[in-house]
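Residue-level listing of the chains:
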Amino acid sequence: MILSFIQKAVELSNHFLWDYLLLFLLCGTGIYFTFRLKFIQVSRFGESFRRTFGGIRLRGAKADGRGMSSFQSLATAVAAQVGTGNLAGAATALIGGGPGAIFWMWLSAFFGMATIFAEATLAQKYKTTRDGEVTGGPSYYIRAAFQGQFGKVLATIFSILVICALGFMGNMVQSNSIGAAFQNAFEIPPLAVGVIVAAAAGFIFLGGVRRIASVTEKIVPIMALFYIVGAMIIIIVNFRRIPDAFSQIFTGAFSPQAVTGGVMGITVQKAIRFGVARGLFSNEAGMGSTPHAHAIAKVKEPCDQGIVAMMGVFIDTFIILTLTALVVLVTGVLPRGYSGELEGIALTQAGFESVFGHGGTIFIAVCMLFFAFSTIIGWYFFGEVNIRSLFGKKGVKIYALLVCVFVAVGSTLKVDLVWSLSDTFNGLMVIPNLLSLLSLSGTVSRLYQSYGKKKQIKEAS
């Protein structure tokens, strides 16, 4: 009874946040920065690609109090970005918004690349040293955007929202999906999986930024390549259905009922709502999470990390999330989601099962373990930055313990409520972050212009 009431209350708040306010605020901010920065996601795409993949290291320089390497910062950001949103989230978007939701994911991600450039650049600009360690993130550039008491209050609210949205609620979503995947694959009780994941995460948390950087720079490239190869095999086996899959995506974006036949009353608004909401949960552009990692990168210019940050959104949405969507569409398992037979990660697993048999379920369970576990590490770190900002070092161990408890408990909760709560907290933390980005847009523009001039001088010399 109580859970049912909470579910309805959360759904009502999400309806207002995601169907109205954030759709316009997120997309509007991305469009604004896209034009103000002269389509930076297009003009600097090649540079972003070279900087990112030219910096891949499985054993890079050690992170320390002075920060991480640029690639380690990106790996930590991508670790947070590539998680359940790419596997379970893509499936829930397809069920709730139809194939057209994927188009709106792409569009929001395209504009989001400009937004995340602004986030990472400002995080670098306003980073600071606290307790002998480099730190930064939205709570610091919020204070720069809004001077005085208002800025301090807004930064505090943002920090609290990050701690709740990512460290607690968000990580419950991650462990929930790991537990469900392993129950489907091996019939292991979700709580047992949750306890093991919490214990492993706790070990990494206690190692601080050095251990977090070391783990993410190794896990991220390997897990992404492993999943990409598996998904490509499924798509190649069903290659004749690829044109139809893209047709469903583009047709469903503007005429959902032409694709779904009116299933579940899917409309254009629902396609946009689920596409943008799940897209944000996946790539986190504008959410204010990844700037915590980008702030501590060791780079010469703030825009250096902004350029690299854009590739994180591209990898997350245009590569990994798209592959998941295509697997579900070309294998023809989506109607089983509409009927309520399958939900979340189970739908993605069904797509892989169609080619690999039960091995497909195991494959997704393993991928989910690495994707979601790396996200737990990244989101813990983002929360820790804000714990330090609010309470100093003394709050870190208590926070780490609480995150481990939430990870263990989250593995057993009902998936609908966990996702809904995560949407609510994610939505709330977007607002102060985007307000500060828009307030500091002039600073972002000046930094980018200076960056361009220095680059021209360097290339001419």
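In this text, all values refer to a predicted model and were calculated from it rather than measured experimentally.

### Things to note about the overall build of the protein
Phase 1: When its secondary structure is counted, the protein shows 21 helices and two strands.
Phase 2: Whereas a compact globule of 461 residues would reach a radius of gyration of roughly 23 Å, the protein reaches 21 Å, a difference of no more than 12%.
Phase 3: By the burial criterion, 61% of the 461 residues in the protein qualify as buried.
Phase 4: For the protein, long-range pairs separated by at least 24 residues make up 85% of all intrachain contacts whose partners lie at least 6 apart in sequence.

### So, the environment of Phe381
Phase 1: Considering the arrangement of structural elements, one finds Phe381 in helix α18 (residues 358-391).
Phase 2: Along the sequence, Phe381 and Thr290 sit 91 residues apart, while their C-alpha atoms lie 10.0 Å from each other.
Phase 3: Among all residues touching Phe381, those that are not within four sequence positions of it are Met68, Thr76, Val209, Ile212, His292, Ala293 and Ile296.

### Focus: the environment of Ala144
Phase 1: Looking at where Ala144 falls in the secondary structure, it is placed in helix α7 (residues 138-145).
Phase 2: Along the backbone, Ala144 and Leu122 are 22 residues apart, and their C-alpha atoms lie at a distance of 9.8 Å.
Phase 3: Residues within four places of Ala144 in sequence aside, it is in contact with Tyr126 and Leu440.

### Describing the side chain of Asn171
Phase 1: With respect to the helices and strands, Asn171 occurs in helix α8 (residues 149-186).
Phase 2: Within the structure, the side chain of Asn171 is placed 3.2 Å from the backbone oxygen of Gly167, a separation counted as a polar contact.

About the criteria used
- Residues numbered from 1 in each chain as written.
- Predicted model: local features only at pLDDT ≥ 70, side-chain atom pairs only at ≥ 80, totals over all residues.
- Heavy atoms only, no water.
- Helix = DSSP H or I, 4+ residues; strand = E, 2+ residues; numbered from the N terminus.
- Rg over C-alpha atoms; globule rule 2.2 N^0.38 Å.
- Buried < 20%, exposed > 50% of the residue type's maximum accessible area, 1.4 Å probe, protein only.
- Contact = heavy atoms within 4.5 Å.
- Polar contact = N/O pair within 3.5 Å; in protein donor to acceptor, adjacent residues only side chain to side chain.

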